[in-house]
Each structure stands twice: as C-alpha cells, then as structure tokens.
Amino acid sequence: MYTCKGKCVFGGWAIGKIRVFNKGERKVKRISVKDPDKEMERFNKAKAEAAFQLKKLYDQVLKEVGKANAAIFKVHLLLLEDSLYLSSIEKIIKELNYNAEYAIEETTEKIVIMFSSIDNAYLRSRTADIRDVSTRIINILSGEEEFTIDSEEPIILFADDLSPSETVQLDRERCKIAAFVTAQGAAFSHTAILARTMNIPLIIKADIELNTEFNNKNAVVNGSEGLVYIDPNTEFITEIQNIISTEAKARESLNVLRGLPNVTIDGAKVELNANICHAKDVVTVIRNDAGGVGMYRSEFLFLEKEDFPDEEMQFDQYKAIAEILGKNMKCIIRTLDIGADKQLPYLPLPKEDNPAMGVRSIRISLRYPEVFRTQLRAIHRASAYGRVGILFPMITSVEELRKVKAFSAKVRDEVIKDGCSVGEVTYGIMIETPAAVVISDLLASEVEFFNIGTNDLAQYAMAADRQNPELDEYFDPYNTALMRMIKMTTDNAKKKGVHVSICGELASNTALTDLFLAIGVDSLSVPPSLILPLRKLIRETNLSKVRDEALKILG
Ligand code: PEP
Ligand code: MG
C-alpha cells in the first residue's frame, strides 16, 4: 500500500476500485499520405463504424428514456452524411494528400467558424454536434474508446480535473461513484459544489498518477484528511469498513432531530434549507428534513443535456420539485447561471480573457431572451404546484433588476393568457457582487429575499478567481471584508423586512455558525447531508454566551 496526498474538499471515508478518467489530450497531426485512395477507404470505414455506434445509441436511448432524448443521435447521423462536411474532407485527403484525422479536424474547425458567425442561435448550437461527430470518427481512427463506466462495484474516480458538465454526465445510474480524486481543481468550483450536493468525498490537487494501469486496483479515500491509499491490504480495508459503519450509525442517530426546530438554547432561530443541483436531489431534501430548497441551481439541467431543454422538459423538472415540496416548503429556483466554469457545449460563447467577469449568468439570460423566456415560462407554470421563489443571479444594479423583473412579469402574463395556471411567486436575488452589497439598501426595496452567494462574493471582493488553485489563500473563511459584507447586507435586508439567506459554501462552515446567528441571518442554505449536523450544533449553542466572541471577526 502507498499513499497519495491532496487537499480535502468534502470529507468522509470511501472504499472502491480506481478508474482513471483520461481526457486523452488528443493532438491531431498533419501527415502526408502516399495513397490518398487508401486513406479515403480508411475514412469511409471509420465513418461506417461511427454510423453503426450512433444507430445503436439511438435505439438504446429510445428504449430507456424516449424519443426526445434519442433525437440527438439522429442529428449526428444526418451530420455524418452532410455533403459540405464530406466533400471538404474528401478534398483535403485526395487533393492535398493529407491524413483522414487532419482532414476531419480542419473541416470541423472551418464549419464551426462559419456557423459561429451566423446570426442564428440554432445553427450556432449545432457546432457542438459537429465537434462530437468528428471526435467520434477520429477516436475510431485512432482506436480510442469513449469513457463510460459500467460497474457493479463502487468507483474511486481519478482525473486530472473534472468540468461540471463531465461530473454531471457521469452515469450515476450505472455505477456508484464512491469518491472523486483530481490532480487539479479548486475548492469553490462547481465540480466541488456538485460533489458536496451528491454527498461524495472529493480530494483535489492530489499527487496521483493518471496511469490506466491503476484501473481496478483497490483504493481507500480519507476525504477529511485529503489522503488516498492505493492497494491497501485487507486488514486496512476491514478497519476502514468498521469506521464507515460507525460513522453511518452516528449519522443515523441524528434522525432523532428530524422534526425539531433549529433553535439555540436561548431561543435564536434560523431556517436550514438545502441547495440542490437536480430535481432528483429533492428526495434528499425531504430525507434530511430541510425547511425546503433554498437554491436549486437550474443550470445543471442545461449542463447535462446535448441541447437547450425545451419548455416542457424544464416544466416537468420544476413542477416535480415544487410538487414534492408542496405549499409549506420553500422552492427557490435560480435562473440559468452559466458562463466561466459552467459552459454549455451547445452555446459557444466568445473567448474572453476574464470569463468570471465576463458575459455570464443573468447577462446571458438578457442577451438570449428566448432562452430566458422559455425558462421563465416553465417556472411560472410550475408555481401552480408549490411555494416557488425566482432567484436572479449576479445582479449588479437596480436598473438591471427592474429589467429582469419586468421581463418576468411579461412572461407570466403570456403564460396566463395561454390558459396555464400559475401560483404566487416571490422574487429574490443573489447578493454575490460587491456592487450588490453596497446598494443592498436599494435592492431591498425591489425583492422579497436575498441569497448571499459567498463563493462569488469572495472571488469578486478579493479579486481572486475561484477557479485558480494558486489563489486559495484569498479564500480565508474568516476574511473580515467578506464578513462585514454579510453583516451590511443583512442589516439592510432587515430594515426592509427582506428575508436573508447565506447559500454559498461558507453557510456550511460550522466555525462560522455562531457569527451568522449573531449577525441575524434568517436562513442557511447548505448541501442536504449537512442539515441535521448543523441542526445539532445550533441546538447545542447558547448564543448569548458566544455572541461577543463571534462578532470579533468583524474587527
Ligand atoms: C455563490 O456564488 O456563492 C453561489 C451560491 O452560487 P454559485 O456557487 O453557483 O456561483
Ligand atoms: Mg454564484
């Protein structure tokens, strides 16, 4: 047995078999070929194999999840026969005498550039499909396989890094991921957030080797200490199995807290809500006895699809969450918050030098009104089934907020005119830019609730990209500037009777719970699995005794 070390992001022990996820940094080389006809034959054979794979995938997806989801493979099959695509490849092979891989890559880039400049969102979104089809043929030519996991045993996934869309697409139905271990990564990235919501231990910046020879070796992960033990002996595995079952019993013992209020010994109350990324996570919200959903990151629905989810598909998801939570539990749906590390392959955005400060989040919704309208229609329709709140991310001014609210009101009128039922909705915003904090007194006159997003707020306040692992030191949880921003926002919210919640990752930092209670936030919104441990802590706290000490962080 030997040990690798990394940085702990989400704790817990895990045992499983290693699977190495190599993105296979494939560099296509330009090679001159002596026999272009033979090269054409090679290409045609690979194309036929791609068509065979796509037909198989179509049938399989059709059977498992229906026509709408399978349609994408039909589109890919059509692209395989596209005359513009094929004639360009043939020309490069036959007239310029280059290899098939290079001909495919060149053609793909040419078409992508051509489509990206067309003022048609549908055609632009097809560029991702062209890339997908080309990658498939190139992989066949080079003998590479697609990465899929089909395993009965729990998997410890080793990767260089994982994007949120890769994480979300890992087939959780066909395998059980016991832990993620990545060589890179950042603690406040959306992959980290996803791992917390999925309740899966995650270690980042680990000194692991991404060698496929590790596949199927046993490993033990200690998420809390950031340690990975490779090839442990059976005694060690048994010892860890015992620890895991003791911890499971301790977690079960928290069930006695179900139904009890989140109240300190001296009577201070706070709501505990859950952050979720998928409609199916709502089950864990109920199981962990959260007050409701404090923030549903709706963008994960978009990230797991091959194309924009249409109104019906979105409505089904939002309705499912609202209906399960019912009229008593909150259901806060955040509108699409993409950009920076959350990229939709079917919405290619222009390259930016500073994507975290670029066209992202609400700015994208405002630039793509059809996408925004479709989402808002689905949310307003879902409001008939539960206690829905609409949360707008990354707001920076009162004018911007009024614009999105007016847009939403117009969409709601359209929905009603179409004869659909709607329920009451409340409006809220993410307070996640220093601008929003500074004008929180003005913004408080416009909405019913504030969600303080400490992940982005820390990034913008400290001028430290949350994706950059070099800048960890700027994400000090005790940062005075950040804590004062939370206090200022809360004070301004309270003056106007606006509900204030902390929904960034700091909400689950138990070293700060006393301070948040002392500042007087109304709610903490955290991964579902942390609700009961936090309730226990709050019920054991005597706020009057710890208040002064806690407030010292404010300086
Ligand atoms: C935040 O920024 O704190 C937040 C809750 O949103 P996200 O992490 O999804 O950007
Ligand atoms: Mg944010």
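Below is a summary of the structure that appears in this document. What you see is a predicted model; the values in this text were computed from it and never measured.

**Comments concerning the overall build of the chain**
Right, so step 1: When you go through the chain residue by residue, the secondary structure sums to 22 helices and 16 strands.
Right, so step 2: A compact globule built from 555 residues would reach a C-alpha radius of gyration of about 24 Å, and the chain, at 25 Å, matches this within 12%.
Right, so step 3: Each principal axis of the C-alpha distribution contributes one length, and for the chain these read about 85 × 65 × 45 Å.
Right, so step 4: Of all 555 residues assigned to the chain, the portion counted as buried reaches 53%.
Right, so step 5: Entry remark: accessible area of the chain is about 25,400 Å², with carbon and sulfur atoms responsible for 51%.

**What about the packing of aromatic side chains?**
Right, so step 1: Under the criterion given, the structure shown has nine aromatic pairs.
Right, so step 2: Ring centres 5.2 Å apart and planes at 75° place the aromatic pair tyrosine 98 and tyrosine 102 in the edge-to-face group. A single burial state applies to tyrosine 98 and to tyrosine 102, both of which are buried.
Right, so step 3: Ring centres of phenylalanine 392 and tyrosine 427 lie 5.8 Å apart, and the angle between their planes is 15°; this geometry places the pair in the stacked category. Here phenylalanine 392 is found in strand β12 (residues 387-392), whereas its partner tyrosine 427 is found in strand β13 (residues 425-431), with 35 residues between them in sequence. Judged on exposure class, the residue phenylalanine 392 and its partner tyrosine 427 are both buried.
Right, so step 4: Members of the aromatic cluster, connected to one another through ring pairs, are Phe372, Phe392, Phe407 and Tyr427.
Right, so step 5: Over the aromatic face of phenylalanine 315 sits the side chain of arginine 381, whose NZ or CZ is 4.0 Å from the ring centroid.

**Quick notes on the site of ligand 1**
Right, so step 1: Every one of the 16 residues lining ligand 1 counts as a neighbour, but Arg297, Arg334, Gly453, Asn455 and Arg466 are closest to it.
Right, so step 2: Here an oxygen atom of ligand 1 and a side-chain polar atom of histidine 190 are 2.9 Å apart.
Right, so step 3: In the model, an oxygen atom of ligand 1 is placed 3.1 Å from a nitrogen or oxygen of the threonine 454 main chain.
Right, so step 4: Look at ligand 1: alone it shows 280 Å² of surface, and the protein chains cover 100% of it.
Right, so step 5: Put simply, the parts of the chain that give the shell around ligand 1 at least two residues each are α8 (190-198), β10 (292-297) and α18 (454-461).
Right, so step 6: Broken down by element, the shell around ligand 1 gets its largest block of residues, three residues, from α18.

**Some remarks on the nonpolar core**
Right, so step 1: Counting residues in hydrophobic clusters, the biggest one holds 107 residues, and the most contacted among them are Phe392, Leu443, Phe450 and Met483.
Right, so step 2: Not counting chain neighbours up to four residues away, the residues in contact with leucine 443 comprise Ile395, Ser397, Val398, Leu401, Ile429, Ile431, Ala436 and Phe450.
Right, so step 3: Within the second largest apolar cluster, 32 residues are counted, among which are Ala51, Ile89, Phe115 and Ile130.

**As for unusual backbone geometry**
Right, so step 1: Of note in this structure, aspartate 231 is not a glycine but carries a positive phi near 60°.
Right, so step 2: Along the chain, aspartate 231 falls in the loop between β8 (227-230) and α9 (234-253).
Right, so step 3: Judged by relative accessible area, aspartate 231 falls into the partly exposed class, the value being 38%.
Right, so step 4: With a phi close to 55°, serine 361 is a non-glycine residue in the positive phi region.
Right, so step 5: Here serine 361 lies in the loop between β11 (330-334) and α13 (362-367).

**Regarding the coordination of the magnesium ion (ligand 2)**
Right, so step 1: For the magnesium ion (ligand 2), the full set of protein donor atoms is Glu432 (OE) and Asp456 (OD), and the range of their distances to it is 2.1 Å. One end of the pair, glutamate 432, is in the loop between β13 and α16 (434-438); the other, aspartate 456, is in helix α18, and 24 residues separate them in sequence.

Parameters and conventions
- Residues numbered from 1 in each chain as written.
- Chains lettered and ligands numbered in written order.
- Predicted model: local features only at pLDDT ≥ 70, side-chain atom pairs only at ≥ 80, totals over all residues.
- Heavy atoms only, no water.
- Helix = DSSP H or I, 4+ residues; strand = E, 2+ residues; numbered from the N terminus.
- Rg over C-alpha atoms; globule rule 2.2 N^0.38 Å.
- Buried < 20%, exposed > 50% of the residue type's maximum accessible area, 1.4 Å probe, protein only.
- Areas by Shrake-Rupley, 256 points an atom, 1.4 Å probe, with all protein chains shown as cover.
- Phe/Tyr/Trp six-rings, centres within 6.5 Å; stacked < 30°, edge-to-face > 60°.
- Lys NZ or Arg CZ within 6 Å of the ring centre and 35° of its normal.
- Near = heavy atom within 4 Å.
- Polar contact = N/O pair within 3.5 Å; in protein donor to acceptor, adjacent residues only side chain to side chain.
- Core = buried A, V, L, I, M, F, W, Y, C linked by side-chain atoms within 4.5 Å.
- Contact = heavy atoms within 4.5 Å.
- Donors = N, O, S within 2.8 Å, 3.2 Å for Na, K, Ca; no water.

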